[in-house]
Every structure is written in structure tokens, then in C-alpha cells.
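Listed below, chain by chain, are the residues.
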Amino acid sequence: MYKTKVKIEGMMCPMCESHVNDTIRKSFPEAKKVKSSHTKNETIIISEKEYTKEQLSEILDPTGYKVISAESAPYDNKLISLFR
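Residues numbered from 1 in each chain as written. Predicted model: local features only at pLDDT ≥ 70, side-chain atom pairs only at ≥ 80, totals over all residues. Heavy atoms only, no water.

**Q** Explain the nonpolar core to me, and be specific about the residues and the numbers.
**A** Residues Ile 8, Val 20, Ile 24, Ile 45, Leu 56 and Leu 60 are the most contacted members of the largest nonpolar core, which totals 16 residues. Apart from the residues lying within four places of it in its own chain, the contact partners of Val 20 are Ile 8, Met 11, Ser 36, Thr 43, Leu 60 and Tyr 65. (Core = buried A, V, L, I, M, F, W, Y, C linked by side-chain atoms within 4.5 Å. Buried < 20%, exposed > 50% of the residue type's maximum accessible area, 1.4 Å probe, protein only. Contact = heavy atoms within 4.5 Å.)

Structure representation (C-alpha cells):
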């Protein structure tokens, strides 16, 4: 599992968070968890694979949000592991 932290410009409200989350989930159905914060200008993705800034920019830029950075790191959540 990987945790990808994405810095995003352009989220202004909870509806923006929802729009970003929905776009990521539709484009990357293997993502286990997606959570955005417009106050932190970031999205956290928990998934079985890493995502690059380029991959995320390709899906989010057309929606009006700008990906500033994306960093992935191994992630081990014992609770998620129980359900695999």
C-alpha cells in the first residue's frame, strides 16, 4: 500500500474537495481511500500503487485544479490489511 500526498491549488470549499475526490476515484478505481482538504490545499490517497504528479495533473488540470506536487511513500495500515 502507498500513501500519496498531493498539494493542489484551486480548492476553495467542501464542494471542491468532493469534486477532486470524485475525479480521483473515477480515474483510479484502485484507490482505497481519498480525502481532500481545501484549508490545507491537499489530498491524501491510500492505494495499492503510487501516483505521480504527471498522472494526477492529467486528470485534475482539466477540471480547474492545479497539482503543485505529489509524494508517495509506503503505507501500512493494519486495519486495511485485515480486509484484503
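Moving on from the coordinates now.
**Q** An account of the pattern of salt bridges is requested, with residue identities and associated values reported.
**A** Taken as a whole, this structure holds five salt bridges when the rule is applied. Between Glu 42 and Lys 7 there is a salt bridge, with the nearest N and O atoms lying 3.4 Å from each other. One end of the pair, Glu 42, is in strand β3 (residues 42-47); the other, Lys 7, is in strand β1 (residues 2-9), and 35 residues separate them in sequence. Judged by its relative accessible area of 31%, Lys 7 is partly exposed. With its nearest N and O atoms 3.9 Å apart, the salt bridge here joins Asp 22 to Arg 25. Of this pair, Asp 22 and Arg 25 both sit in helix α1 (residues 14-27), separated by three residues, roughly a single helical turn. (Salt bridge = Lys/Arg side-chain N within 4 Å of Asp/Glu carboxyl O. Helix = DSSP H or I, 4+ residues; strand = E, 2+ residues; numbered from the N terminus.)

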